[in-house]
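Chain by chain, the residues:
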Amino acid sequence: MKERTFLDAQKAAIEDFAMNKNKRDREFYSVDVGDSTFTVLKRYQNLRPIGSGAQGIVCSAYDQILERNVAIKKLSRPFQNQTHAKRAYRELVLMKCVNHKNIIGLLNVFTPQKSLEDFQDVYLVMELMDANLCQVIQMELDHERLSYLLYQMLCGIKHLHGAGIIHRDLKPSNIVVKSDCTLKILDFGLARTAATGLLMTPYVVTRYYRAPEVILGMGYQANVDIWSVGCILAEMVRHKILFPGRDYIDQWNKVIEQLGTPSQDFLMKLNHSVRTYVENRPRYAGYTFEKLFPDVLFPADSDHNKLKASQARDLLSKMLVIDASKRISVDEALQHPYINVWYDPAEVEAPPPKIPDRTLDEREHTVEEWKG
Ligand code: AMP
């Protein structure tokens, strides 16, 4: 009798386990998108690929529970090595903590795998936007839209800076917009201790928007992100990449050809070998901002638009300054006449997020520890 009870209990436990497993299986389904398979919770229907980045593929989907469209990003094998694991963990923690209308919000996170040993893929569910900024750059925007997009970028950046996050890698593909002209930043840029480059991924990294202090390996401060905003504004005006270098060397050439060789006091801030290289480049006088961004590039058909064009050019001339100590700050940019028409303290001065793990960037763990 005793024996039977024990056996029954064991059987029941196994059944229970199996049923739960089946139940769990029933919560997910798989669908092929491009070269990848998405295994997602059933609440997410109608998956369609909308983009891909260094970390994986992004789909739009309809969330039956929230009754709205969402974006789902599959982090493809985030535990394949420490760099990927670190990046995935950092992104997840930051996305969960930051709550600002100009930074993408996280709605859900899940994995279809059932145990730590199987744990492979992570899916992030986010608010769905309509397009990334690469697509918007092709369009002819009026000053109202142009300045509103910039204002929102600056609000998002200021909020990140308030949390001690200096992005350093803002680019059009990581900024998304809606047709009502609202804008959100998608990622959190380079970690302070980021291992960049060769070993990370075969994916080609876009460096056109990186500031001289990043290209030249100098120290940096918060206004490193202003350079990127300047490059993005320039591209929205010109419809062409401003500094399209094949590599950092070529990119530096593009910078000095247009803006001119920087002054001696800037060169003195470089470390010896970089300074030798920079000093040995041909000298360029650079062009005035009127030449770099002539009137024809801007909507300037009325007195109002002419004024706006000259304000936009003035802002460009203050953002695209090689020497960071002479470049405009985020706060100053928000007060600039081209931008301050949108100033709303609730958006600009929202209290900074609290990041629980201040040592996020310095942490070293094995892949197994990151999974846990
Ligand atoms: P990522 O992997 O984050 O670099 O994203 C790659 C691309 O997917 C972006 O350039 C966007 O085109 C698109 N994308 C990512 N997240 C979203 C989102 N929440 N809404 C709309 N499009 C997105």
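Residues numbered from 1 in each chain as written. Predicted model: local features only at pLDDT ≥ 70, side-chain atom pairs only at ≥ 80, totals over all residues. Heavy atoms only, no water.

**Topic: the side chain of asparagine 305**
Consideration 1: Structurally, the position occupied by asparagine 305 is in helix H11 (residues 303-319).
Consideration 2: Residue asparagine 305 is classed as buried on the basis of its relative accessible area, which comes to 16%.
Consideration 3: The residues contacting asparagine 305, other than those within four sequence positions of it, are His143, Pro299 and Ala300. (Helix = DSSP H or I, 4+ residues; strand = E, 2+ residues; numbered from the N terminus. Buried < 20%, exposed > 50% of the residue type's maximum accessible area, 1.4 Å probe, protein only. Contact = heavy atoms within 4.5 Å.)

**Quick look at the site of the ligand**
Consideration 1: The full set close to the ligand counts 17 residues, and Lys73, Glu127, Met129, Asn132 and Ser173 are the nearest of them.
Consideration 2: One of the backbone N or O atoms of glutamate 127 is found 2.8 Å from a nitrogen atom in the ligand.
Consideration 3: Measuring from an oxygen atom of the ligand, one finds a side-chain N or O atom of asparagine 132 at 2.9 Å.
Consideration 4: Burial of the ligand by the surrounding chains reaches 92%, relative to a free accessible area of 480 Å².
Consideration 5: Among the secondary structure elements, those contributing two or more residues to the shell around the ligand are strand S3 (44-53), strand S5 (68-75) and strand S7 (122-127). (Near = heavy atom within 4 Å. Polar contact = N/O pair within 3.5 Å; in protein donor to acceptor, adjacent residues only side chain to side chain. Areas by Shrake-Rupley, 256 points an atom, 1.4 Å probe, with all protein chains shown as cover.)

**Describing the pattern of salt bridges**
Consideration 1: Within this structure, the stated rule accounts for 18 salt bridges.
Consideration 2: Residue arginine 145 is joined to aspartate 142 by a salt bridge in which the shortest nitrogen-to-oxygen separation is 2.7 Å.
Consideration 3: Exposure remark for aspartate 142: the relative accessible area of 30% places this residue in the partly exposed category.
Consideration 4: Put simply, lysine 171 and aspartate 169 hold a salt bridge, and the shortest N to O gap is 3.3 Å. (Salt bridge = Lys/Arg side-chain N within 4 Å of Asp/Glu carboxyl O.)

**Observations concerning the nonpolar core**
Consideration 1: By size, the foremost hydrophobic cluster in this structure holds 87 residues, and its most contacted members are Phe293 and Leu320.
Consideration 2: The element contributing the most residues to this core is helix H6 (residues 224-238), with ten residues.
Consideration 3: Tyr29, Val40, Ala61 and Tyr123 belong to the second-largest nonpolar core, a separate cluster that totals 15 residues. (Core = buried A, V, L, I, M, F, W, Y, C linked by side-chain atoms within 4.5 Å.)

Function-wise, these values are silent; they only describe arrangement.
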